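# Commentary on secondary and tertiary structure
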Amino acid sequence: MARRLVVGRVSLHPRGFGFLNFQDESGLDQAAFITPPDLNGFLDGDVVEASLGHTSDGRFSAQELQLRQRHRRELFGTVVVRGRRRFLKVDRLVSNTDWPLEQADHLQPEAPVVATIVGQHLLPARVLEASADLALERCLVRHGLLSQFPAGLAPLVRSGEDEGRRDLRELCTITI
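The notes below deal with the structure included here. (Residues numbered from 1 in each chain as written. Predicted model: local features only at pLDDT ≥ 70, side-chain atom pairs only at ≥ 80, totals over all residues. Heavy atoms only, no water.)

### Details of the packing of aromatic side chains
Basically, it comes down to this: By convention, a stacked pair of Phe, Tyr or Trp rings (six-membered ring in the case of Trp) has centres within 6.5 Å and planes under 30 degrees apart, an edge-to-face pair has planes over 60 apart, and any other such pair is tilted. Each helix is a run of DSSP H or I of at least 4 residues and each strand a run of E of at least 2, with the numbering of both proceeding from the N terminus. Under the scheme applied here, a residue whose accessible area is under 20% of the maximum for its type counts as buried, over 50% as exposed, and between as partly exposed, the area being computed with a 1.4 Å probe on protein chains only. Lysine NZ or arginine CZ positioned within 6 Å of the ring centre and within 35 degrees of the ring normal marks a charge as sitting over the ring.
For the structure on display, the rule yields four aromatic pairs. Arranged with centres 5.6 Å apart and planes meeting at 35 degrees, the rings of F17 and F33 form a pair that is tilted. Here the residue F17 occupies a position in the loop between β1 (4-12) and β2 (18-23), and F33 occupies one in strand β3 (residues 29-34), the gap between them amounting to 16 residues. Taking relative accessible area as the criterion, F17 reaches 17% and is therefore assigned buried. Where F22 meets F60, the ring centres are 5.6 Å apart and the plane angle is 75 degrees; that geometry is what we call edge-to-face. Of this pair, F22 sits in strand β2 while F60 sits in strand β5 (residues 60-69); the two residues are 38 residues apart in sequence, bridging distant segments of the chain. Assigned by exposure class, F22 and F60 land together as buried. Here the aromatic cluster, defined as three or more aromatic residues joined through ring pairs, consists of F17, F19 and F33. For R82, the ring lying beneath its charged end belongs to F87, and the centroid distance is 4.9 Å.

### Topic: the sheet that holds strand β9 (residues 112-118)
Put simply, the rule is: We call two strands paired when DSSP finds no fewer than two bridges between them. Any pair of residues with heavy atoms lying within 4.5 Å of one another is described as a contacting pair. As a rule, the C-alpha atoms of each element are fitted with a line to give its axis, helices using only the stretch in contact, and angles between N-to-C directions run from 0 to 180 degrees.
If you walk across this open sheet you meet the five strands as β8-β7-β6-β9-β10, and the pairing is antiparallel. Unpaired on one side and paired on the other, β8 (99-100) and β10 (121-127) mark the two borders of the sheet. Where strand β6 (residues 74-82) lies against strand β7 (residues 85-90), six bridges are found, and the strand directions are antiparallel. Along β7, the bridge assignment pairs G77 with V90. The strands touched by helix α2 (residues 134-142) within the sheet are β6, β9 and β10, with β6 carrying the most contacts at an inclination of about 120 degrees.

Below you can see the structure in the form of structure tokens.
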């Protein structure tokens, strides 16, 4: 069977491999296996174009991935040093490989960092304190959740609406 191009979303497994989730010609949801080396440079949730083929057991496989769209703007991880370069060891549910950090010579190994993706570069945005709730930070970044309400979008409380209610707006709250 000849290879064909498909567009789908990358789903990463913590063991390093992944799947390309796409719809076939009839609109049915399908998944194609992606080997760890083919995932390097891609993140969970990336929309990619890939060459679709079959494995020896007849299942779909995806290769030659090309990034179409990336929704993530931040990555969470810890700093690792290789030679003279610093890398971000990214949350393994988000990336299967470490990403090179730019402008990070001042960062200490094992420092927890939230980094921003700027084009093809990864720049440290926040170095987290040792007292920070790292599990919460990891979860916030993994799912693209805001840790603070954006300025200018503060909720409006009309006069009289808050009577008899306790003001909890300053507390960190996560809702589902």
